[in-house]
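The lines below spell out each chain.
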Amino acid sequence: MNILVPLELDKQVNSEHKTYAKIEDEIYSQFWDLIVVENKGDFEIASKFVGKDRILYTGEDSIEGAIKVSKADVGLFVEIFVKMDQRENEIEILKKNQDLLFEPINLSSKMSAAYDKLSKITRSRVSIAIAKDGLLEEWILSKIVGDHDTFDFKSIQEEEVMLNLFGTANHLPKLLKNTLVVLTNCDKIPSSLLFRIAMAVSTGRFSSYGTDRDQRCNARILFHFVEPQNIPKPIIQIAGLSTVEIPSLEEISEDIPIIFRYVISMMAQNTKNSLLNFSENINETLKKEKWPENWRSFFRFCKAFIGGEITFRKDIKELSEIPKMKDYMEGIIREGEMAIIKRAMEIYKKDKKKISEVLGINVKTLNKKIKIYNLK
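Throughout what follows, the structure given in this document is the object of discussion. All values reported here derive from a predicted model rather than from experimental measurement. (Residues numbered from 1 in each chain as written. Predicted model: local features only at pLDDT ≥ 70, side-chain atom pairs only at ≥ 80, totals over all residues. Heavy atoms only, no water.)

**Observations regarding the overall build of the protein**
Helix and strand counts for the protein stand at 15 helices and 12 strands. Looking at the protein residue by residue over its 376 residues, the buried ones come to 40%. The contacts of the protein with a sequence gap of at least 6 include a subset with a gap of at least 24, amounting to 66%. (Helix = DSSP H or I, 4+ residues; strand = E, 2+ residues; numbered from the N terminus. Buried < 20%, exposed > 50% of the residue type's maximum accessible area, 1.4 Å probe, protein only. Contact = heavy atoms within 4.5 Å.)

This is how it looks when you write it as structure tokens:
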């Protein structure tokens, strides 16, 4: 923020702000966000360049429209203006991020069709999602399938899933609630357990875990498998057409920049210093990346980017091909020198003595350069 402060008041203002002795010497030099003036004449000069709401007046006279403050309070008022300006910048950043967030996200037909189908099949009692990269992070998944409870077989035991889903006499089961339950990484789970869950949901009846008490099932189940060959046939039969295969990141490389922009915009809502710049260089880098661990590494990458830990630059090989400035200048000099000598030889019919006089070099040097440039 550019603030113009008279020299005698500079001690009352944060040293980061610029100070000058005479307003008429500096007012023309640049745009000012705030000007402090001490007399009526300076106020009139300043008001030609900034609005009156951006002038602090410390003089004795009364001036209409002036923000009149005492000299003792100049520092306080300057800090208030600085904080207001910072807040405006933060709001502007959030607005830009929000505008990005609500721009239409035009994914490829393959990608958009998969997620559109996923949102529809989860309305069925039993559905299957095949996703080699794993399902999206929870807050993205929530956008697609709505409210849901997730159980990841990689991080919890089978018995814990059974207790949560079927419940006990003292534990309210998830299957009793009218909700969607997402079971991720089902590939290595015994088919008998998956079948029991699927049957309970499809028939609408289940018994609490470890009891014979019969209860009505109101929940829906989405089974997630990494590989299609790992899906038990009975589960396929129960789910029927309610199955979708979600493309891997490798298959949708063209969509990655769009998804990246969306995810970054979402994350940026919680930051105050992230002016986003989605250049073509970033897009190309995202498309070329192989994404080990896929979605997980992608989201880690996004978090690192928003935190300023990742910057993009062109390929190292491409950078190495750019000539060094010294070599570049030497090349220009050589080309120019060769062209001058060649032209002089044409004009003076190869008279080396005359050529050397015109060019201001001795004959020995001329002969050397003729040899270097292979001029005849």
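**Considering the packing of helix α6 (residues 158-166) against helix α7 (residues 191-203)**
Two elements in contact, α6 and α7, have axes separated by 12 Å at closest approach and are oriented at 10°. What the angle tells us is that α6 and α7 run roughly parallel. Mapping the contact onto sequence places Glu158, Met162, Leu165 and Phe166 in α6 and Leu193, Arg196, Ile197 and Ala200 in α7. Looking at the contact of α6 with α7, its residues break down into six nonpolar, no polar and two charged. (Axes fitted to C-alpha atoms, helices over the stretch in contact; angles between N-to-C directions. Parallel < 35°, antiparallel > 145°, perpendicular 65-115°, else oblique. Nonpolar A, V, L, I, M, F, W, Y, C, P; charged D, E, K, R; others polar.)

**Remarks on the sheet that holds strand β7 (residues 148-152)**
Strand order in the open sheet formed by five strands is β7-β8-β11-β6-β12, and the pairing between neighbours is parallel. The sheet terminates laterally at β7 and β12 (243-246), the two strands that pair on one side only. Taken over all neighbouring pairs, the strand axes of this sheet differ in orientation by 20° on average, direction set aside. With five bridges joining them, β7 and strand β8 (residues 180-184) adopt parallel strand pairing. Paired with Thr150 across the bridge in β8 is Val182. (Pairing = 2+ DSSP bridges.)

**As for the pattern of salt bridges**
A complete count under the given rule lists four salt bridges for this structure. The closest approach of N and O atoms between Asp214 and Arg205, which form a salt bridge, is 3.2 Å. On the basis of relative accessible area, Asp214 is assigned to the partly exposed category, the value being 47%. (Salt bridge = Lys/Arg side-chain N within 4 Å of Asp/Glu carboxyl O.)

**What about the side chain of Ser242?**
Take Ser242: it is sitting in the loop between α8 (233-239) and β12. A distance of 3.0 Å separates polar atoms of two side chains, one belonging to Ser242 and the other to Ser124. If sequence neighbours within four positions are ignored, Ser242 has contacts with Ile121, Ser124, Val126, Ser127 and Ile128. (Polar contact = N/O pair within 3.5 Å; in protein donor to acceptor, adjacent residues only side chain to side chain.)

**Describing the environment of Ile128**
Following the sequence through the fold, Ile128 ends up in strand β6 (residues 126-131). The class for Ile128 is buried, based on a relative accessible area of 0%. The sequence separation of Ile128 and Ile221 amounts to 93 residues, and the corresponding C-alpha distance is 8.4 Å. For Ile128, the residues in contact, after removing those within four places along its chain, are Ile121, Leu222, Phe223, Phe225, Ile231, Ile235, Ile236, Ala239, Ser242, Thr243 and Val244.

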